[in-house]
Amino acid sequence: MEPGTSSDPSLVATRVALHAVAEHVLAPASRAATDRIGLRVVPGGFATRELAPGRWVGIVGAHLVIHDGGDEQVIPLTDLRTAAATIGVEPGAPADLYAPVTQVDLDAPLTVDAEASARLADWFALGDAALRRFVAAHPDEAADPVTLWPEHFDLATTAERVNYGFAAGDDHHAGPYLYIGPWEPPTGPFWNAPFGRLVPATDVADVDAAVALLEQGRAAARATA
């Protein structure tokens, strides 16, 4: 599968909807409570970090989850306005930090297919495990914390001026993919995308395979530095 290949329409629609929730609901909730927008992977989905002791909000499947100490509310996702109101935040991406990627229609129904959402959650879980193992193998490179960024809707770290990540998909490649992106434009046959290297999720069998690809990218980036 080459970069730009189309993907399952239900997966794309779900990815766009979840990306919008990440940008316009979870990011402002995190910003208001912690002054940071980075999210994290949780079983079955993704979430803010702690907003207060024992409190976080996230998406699992097609549901908004509000975890508060020992209590947990699980509410179907309907639209951005309702999701934001439920957790007590004003919807909208933090415009002073980045221009939102997704369109803002606060009352439009969110199209979230539970199976597609689970596929994306599995991809992020695989990426989280792979990135943490990869970072641990190179402790002297001072990698950034593994973070799910709401504006890109990708899970990533940066080390030695190279970005390593697992994207849910975007306009460049509709389906999930692994990427390696050196800050300086790379040259050579290893690099197959404008930003570096793209490997579709369909070509990443498991965590071991993902770590091997990250290591290949690290070696290629160092060879062309």
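Everything here concerns the structure above.
The structure reproduced in this document is the subject of the present report. Residue numbers here run from 1 along each chain, matching the order of that chain's written sequence. Given that this is a predicted model, residues contribute local features only at a pLDDT of at least 70 and side-chain atom pairs are listed and counted only at 80 or more, while totals for whole chains, interfaces and linings are drawn from all residues. Calculated side-chain values reflect all of the structure's heavy atoms, with hydrogen atoms and water omitted.

This next bit is on empty space enclosed by the protein. Only protein atoms enter the 1 Å grid, on which a cavity is a set of points fitting a 1.4 Å probe that cannot get out and a pocket is an open set with protein on both sides within 12 Å along at least 5 of 7 lines, lining residues being those with an atom within 4 Å of a point. Grid points are joined across faces, edges and corners, and a volume is the space filled by probe spheres set on the points. A complete count under the given rule lists two cavities of 30 Å³ or more for this structure. There is about 50 Å³ of room inside the largest cavity. Lining the largest cavity are Leu18, Gly44, Gly45, Phe46, Ile59, Gly61, Ser117, Leu120, Ala121, Phe124 and Phe153. Elements that contribute at least two residues to the lining of the largest cavity include exactly strand E2 (45-47) and helix H3 (114-136). Strands are runs of DSSP state E lasting at least two residues, helices are runs of H or I lasting at least four, and both sets are numbered from the N terminus onward. At four residues, the largest contribution of residues to the lining of the largest cavity is made by H3. Around the second largest cavity sit Phe134, Val135, His138, Glu141, Ala143, Ala159 and Tyr164, which together line it. Gly falls in the polar group here, along with every residue not listed as nonpolar (Ala, Val, Leu, Ile, Met, Phe, Trp, Tyr, Cys, Pro) or charged (Asp, Glu, Lys, Arg). Within the lining of the second largest cavity, the residues separate by chemical class into five nonpolar, one polar and one charged.

Our next topic: the sheet that holds strand E10 (residues 197-200). An order of E6-E7-E8-E9-E10 is seen for the five strands of this open sheet, with the pairing classed as antiparallel. Looking at the sheet topology across the chains shown, the edges are occupied by strand E6 (147-149) and E10. Put simply, the sheet's adjacent strands are angled 25° from each other on average, direction ignored. In this structure, strand E8 (residues 162-167) lies alongside strand E9 (residues 177-182), joined through six bridges in antiparallel fashion. Bridging across to E9, Asn163 finds its partner in Gly181. We call two residues contacting when some pair of their heavy atoms lies within 4.5 Å. For helices, the fitted line uses only the C-alpha atoms of the stretch in contact; every axis is such a line through C-alpha atoms, and the angle between N-to-C directions lies from 0 to 180 degrees. Against the sheet, H3 makes contact with E6, strand E7 (154-159), E8 and E9, and its axis sits at roughly 155° relative to E8, the strand it touches most. Strand pairing requires that DSSP identify at least two bridges connecting the strands.

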